Each structure stands twice: as C-alpha cells, then as structure tokens.
Amino acid sequence: MIEISDSAAERIKDMIAGAEMPDMFLRLGVNPGGCSGFSYNMGLDDQEDENDVYLDVKGIKVVITKDDVRYLNGLEIDFQESGMSGGFTIHNPNAIASCGCGQSFRMRDEEGRPEVCD
C-alpha cells in the first residue's frame, strides 16, 4: 500500500530514534488545501486513534487515518540529497496533478480546497 525507499526509511528511523520518546511512529495524512487542492501531512506522532490503519513498512510503524487511505494507496516516499540540502519526495499514483513544490496534489474525483501558493 505504501512504499518507502531505503534512503527514506533510514532517515525516518533516525528521526524516530532522535525523538527519544517511546511508541513514536510515522503518521501520514491528507489535508484539504494547498495549491492543487490537497496537501500531504507527514510527521512523527505517538497518539493513536480508533480510526487509524496500521502498516509496517521496512520496520517502520506507519499510521494513516482510515479516511485518508484512498488518497495515499500506492504512495512512494523517497529521500533525496541534492548538494547541501535534501528532503523527502512523494510520488502519488492517485494524483492527476501536483504543485511544483510537490507538497500538494489534485484527485480526479475531488477538488479539495485549492489555495494560492506562497
């Protein structure tokens, strides 16, 4: 359902270890808004909800709210370094368009809530 590259998995595991909190996991989600209608939400969390779906991807506990699964099914997360910077990249096979920043996308059947980019 979700793919995480080796480089992204290594970076996420480092972040979880650096948080020094028990039960920390990666939470993925979608919010209405962003340049193309929906924006990605990716961060560490330690609070679980009865509406969560749990995955184990390369030894990382990944949690997604049930409502967001349809937006994120097939998602590919990578970490790329470029010169003196680097960051996570997301490829979403469900998106029909995305913003140049890569943090926002549009779905075929839903518009979300498009906003003006900063």
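Residues numbered from 1 in each chain as written. Predicted model: local features only at pLDDT ≥ 70, side-chain atom pairs only at ≥ 80, totals over all residues. Heavy atoms only, no water.

The name given to the protein chain in an unreviewed UniProt entry is Iron-sulfur cluster assembly accessory protein, with Paenibacillus haidiansis as the source organism.

**A short note on the sheet that holds strand β1 (residues 2-4)**
The strands making up a sheet associate through hydrogen bonds between their backbones, and the pairing can be parallel or antiparallel. On the basis of which strands lie adjacent, the open sheet formed by three strands has the order β1-β6-β7 and mixed pairing. Pairing within the sheet leaves two strands with one partner each, and these edge strands are β1 and β7 (85-91). Between one strand axis and the next, the sheet turns by 20° as a mean value, whatever way the strands run. Packed onto the sheet, helix α1 (residues 6-19) meets β1, β6 (75-82) and β7 and runs at close to 85° relative to β6. (Pairing = 2+ DSSP bridges. Helix = DSSP H or I, 4+ residues; strand = E, 2+ residues; numbered from the N terminus. Axes fitted to C-alpha atoms, helices over the stretch in contact; angles between N-to-C directions. Contact = heavy atoms within 4.5 Å.)

**Some thoughts on the pairing of strand β5 (residues 60-65)**
Sheet analysis places strand β2 (residues 25-32) next to β5, joined by three bridges and oriented parallel. Paired with Arg-27 across the two strands is Val-63, which belongs to β5. Note that strand β4 (residues 52-57) and β5 share six bridges and pair antiparallel. Residue pairing for β5: Asp-56 is matched across the bridge by Lys-61. Linking two consecutive strands that pair antiparallel, namely β4 and β5, is a turn of two residues; a positive phi of about 55° is found at Lys-58 within it.

**Describing the nonpolar core**
Ranked by internal contacts, the top residues of the largest apolar core, which has 22 residues, are Ile-2, Ile-4, Leu-28, Ile-60, Val-62 and Leu-72. Of all the secondary-structure elements, those providing two or more residues to this core are β1, α1, β2, β3 (38-45), β4, β5, α2 (69-72) and β6. It is α1 that provides the largest number of residues to this core, a total of four residues. Every residue in contact with Leu-72, bar those within four places of it in the chain, is listed here: Met-1, Ile-2, Leu-28, Gly-29, Val-30, Tyr-40, Ile-64 and Asn-94. (Core = buried A, V, L, I, M, F, W, Y, C linked by side-chain atoms within 4.5 Å. Buried < 20%, exposed > 50% of the residue type's maximum accessible area, 1.4 Å probe, protein only.)

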